[in-house]
Amino acid sequence: MLPFLRPDLAQLKAYTPHPASAGESLPPAIEFDQLDTNESPVQLPDELKAKLAWTYQHTIATNRYPDGGHDVLKQAVVEYIQESSHDSSATFTTSHISLGNGSDELIRALLIATCLGGAGAILVAEPTFSMYGILARTLGIPVVTVGRSDTTFETNLAAAQEAIEDTQNPPIRAVFIVHPNSPTGNALTTAELDWLRSLPEHILVVVDEAYFEFSQTTVVHEVLARSNWVILRTFSKAFRLAAHRVGYAIGHPDLITALEKVRLPYNLPTFSQAAAHTALLHRHLLLDSIPALLQERSQLITALRQFPQLQVWDSSANFVYIRLKSPLLKPDTALAQITQEMKIQGTLIRHTGGGLRITIGTAAENQRTLERLNVVLHQGNLVE
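Enquirer: Could you clarify how one ought to interpret the overall build of the chain in this entry?
Expert: Counting its regular elements, the chain contains 14 helices and 13 strands. In terms of overall dimensions, the chain is globule-like: its C-alpha atoms have a radius of gyration of 21 Å, near the 21 Å expected for 384 residues. Taken over the C-alpha atoms alone, the chain extends approximately 60 × 55 × 55 Å along its principal axes. With 384 residues in all, the chain has 50% of them scored as buried. Across the chain, the fraction of contacts at a sequence separation of at least 24, relative to all contacts at a separation of at least 6, is 70%. Here the chain has roughly 17,700 Å² of accessible surface; of this, 52% comes from carbon and sulfur atoms.

Okay, here's the thing in structure tokens:
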């Protein structure tokens, strides 16, 4: 290791994106069904791509920096939040919004604003989105983990409360939780929400609603009543803009002011801002496709439950989570083999949290998933 690098970096692992096929014995020029990162299975409609192409050609000055305040996009985000909050009495303004280069940048900003410099630790319930822990550790911030129920994946609230009250370790300054959770797909329960509401004001509650458009369950109204709550959302999933990396935070104006202080200047490229704004202006065109995706999800879950080797959970997101009932090998070894065999056949799925997460694809992709999984589960003595 280079002598000028922090020694603890040697112990850290980077986030793993789409697996590379270089050096592996795979069919030539294979076209993968990319069902491992919870993206939309379809691109923007051609008419919106055409609008963006026109925008890039005629209105974007590539020699100029982006709008560093994100004013136009913030206003469109506010209108969308207002429309989708399910609470006509809730009033949001641009002072409640911070925009980031994906939710990851906002997570990092929240960590810097709360825990950096030995100020405290974060609490997460595993399995969950790995970037909370990865980003925290890269900043030298302690990560306290608690478990989840093996049957419902609800947070172990007794262990979480014990961690909050522990005076022997760095104090918990922020709790990160996904609603619905990734990779397990379960929404927050009444008990979990009540516990989060009970936390003192000096602990930040971060509720990641990356899959809100699929679950239609939100706690965004809590932001108006609780200064220590912040909601994260993204354009990478339902809005089909993963390539543009746009996320937003909804929080108390004082918290948003702090995030604006620690984010990088000009953090969101002009074309990404234009893409997100265009998506919001045409949101009904994009979001009207969600019922069909949810129907595909229901059909995939039903079909997966026909495999006697699998335990399959309901999902409130755009993916399904499964585990093996009776592996002959060690569970992680069997899951790794299944993931690799599926990849060789052309389907990418995610091995995480002691199970497999499968993104809902097109009807054709979902059918191929079932056919390939059937082959994999009945070869190589992976499972009984």
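Text resumes after the structure shown.
Enquirer: Mind showing me how you'd approach the side chain of Glu296 here?
Expert: Considering the arrangement of structural elements, one finds Glu296 in helix α12 (residues 290-304). Of the side chains with opposite charge, Arg297 comes closest to the buried, unpaired Glu296, at an N-O distance of 11 Å. Separated by 2.9 Å, the side chains of Glu296 and Asn366 make a polar contact. Excluding residues within four positions of it along the chain, Glu296 makes contact with Ile360, Thr362, Ala363 and Asn366.

Enquirer: Would you mind showing me how to read the sheet that holds strand β12 (residues 350-352) here?
Expert: The pairing of strands in a sheet happens through backbone hydrogen bonds and is either parallel or antiparallel. Here we have four strands laid out as an open sheet, ordered β9-β10-β13-β12, and antiparallel in their pairing. With partners counted over all chains shown, the strands left at the sheet margins are β9 (310-312) and β12, one partner each. On average, adjacent strands in this sheet sit at an angle of 30° to one another, irrespective of strand direction. Strand direction decides the pairing type here: β9 and strand β10 (residues 319-324), joined by three bridges, are antiparallel. Residue Val312 lies in a different strand from β10, and its bridge partner there is Ile322.

Enquirer: Looking at this model, I keep getting lost on the sheet that holds strand β5 (residues 172-178). Mind explaining?
Expert: The seven strands lie next to each other as β2-β8-β7-β6-β5-β3-β4, forming an open sheet whose pairing is mixed. In the strand order of this sheet, the two ends are held by β2 (97-100) and β4 (143-146), each with one partner. Here the average twist between neighbouring strands, direction ignored, is 20°. As paired elements, strand β3 (residues 121-125) and β4 share four bridges and run parallel to each other. Bridge pairing in β4 places Leu123 opposite Val144.

Enquirer: Can you walk me through helix α6 (residues 190-198) in this structure?
Expert: Since the α-helix advances by 3.6 residues per turn, residues separated by three or four positions end up pointing in the same direction. Every buried residue of α6 is accounted for by Glu192, Leu193, Trp195 and Leu196. One side of α6 carries all its buried residues, which in axial view fall inside an arc of 160°. Along its buried surface, α6 packs onto β3, α5 (157-165), β5, β6 (204-208) and β7 (229-234).

Enquirer: Explanation requested: a nonpolar patch on the surface in the structure shown.
Expert: A surface patch of nonpolar side chains, about 520 Å² in accessible area, is lined by Met1, Leu2, Phe4, Leu5 and Leu9. Looking at the secondary structure, you find Leu2 in the segment before β1 (33-34). Classification of Leu2 by relative accessible area gives partly exposed; the value is 49%.

Enquirer: Explain the environment of Leu44 to me, please; I cannot follow it from the model alone.
Expert: Among the secondary structure elements, Leu44 is positioned in the loop between β1 and α1 (46-58). When near neighbours in sequence (up to four residues on either side) are disregarded, Leu44 contacts Lys49, Leu52, Phe239, Arg240, Leu241 and Leu286.

Enquirer: What is the right way to look at the packing of aromatic side chains in this model?
Expert: Think of a pair of aromatic rings as described by two things: how far the centres are apart, and how the planes are tilted against each other in angle. Tallied over the entire structure, the rule returns 11 aromatic pairs. Aromatic side chains Tyr65 and Tyr266 sit 4.6 Å apart centroid to centroid with 15° between the ring planes, which places their arrangement in the stacked category. With Tyr65 in the loop between α1 and α2 (71-84) and Tyr266 in the loop between α9 (253-262) and α10 (270-281), the pair connects residues that are 201 residues apart, well separated along the chain. Overall, Tyr65 belongs to the exposed group, its relative accessible area being 65%. Pairing Tyr211 with Phe319 gives two aromatic rings, centres 5.2 Å apart and planes at 80°, and the pair type is edge-to-face.

Enquirer: When you look at the pattern of salt bridges in this model, what are you seeing that I'm missing?
Expert: Opposite charge on two side chains makes pairing possible when the charged atoms of those side chains draw close. Tallied over the full model, the rule gives 12 salt bridges. Arg372 is the salt-bridge partner of Asp33, the closest N and O atoms lying 3.4 Å from each other. Taken together, the positions of Asp33 in strand β1 and Arg372 in helix α14 (residues 363-377) put the pair 339 residues apart, joining distant regions of the chain. Like Arg372, Asp33 is buried.

Enquirer: How do you make sense of the side chain of Thr155 when you look at a structure like this?
Expert: Along the polypeptide, Thr155 turns up in the loop between β4 and α5. Sequence-distant contacts of Thr155, defined by excluding residues within four places in its chain, comprise Ala125, Val146, Gly147, Arg148, Ala160, Ile177 and Glu192.

Parameters at a glance
Residues numbered from 1 in each chain as written. Predicted model: local features only at pLDDT ≥ 70, side-chain atom pairs only at ≥ 80, totals over all residues. Heavy atoms only, no water. Helix = DSSP H or I, 4+ residues; strand = E, 2+ residues; numbered from the N terminus. Rg over C-alpha atoms; globule rule 2.2 N^0.38 Å. Buried < 20%, exposed > 50% of the residue type's maximum accessible area, 1.4 Å probe, protein only. Contact = heavy atoms within 4.5 Å. Areas by Shrake-Rupley, 256 points an atom, 1.4 Å probe, with all protein chains shown as cover. Lys, Arg positive; Asp, Glu negative; His and termini not counted. Salt bridge = Lys/Arg side-chain N within 4 Å of Asp/Glu carboxyl O. Polar contact = N/O pair within 3.5 Å; in protein donor to acceptor, adjacent residues only side chain to side chain. Pairing = 2+ DSSP bridges. Axes fitted to C-alpha atoms, helices over the stretch in contact; angles between N-to-C directions. Arc of directions from axis to C-beta. Patch = residues over 30% accessible without salt bridge, like charges linked within 9 Å, V, L, I, M, F, W, Y side chains within 5 Å. Phe/Tyr/Trp six-rings, centres within 6.5 Å; stacked < 30°, edge-to-face > 60°.

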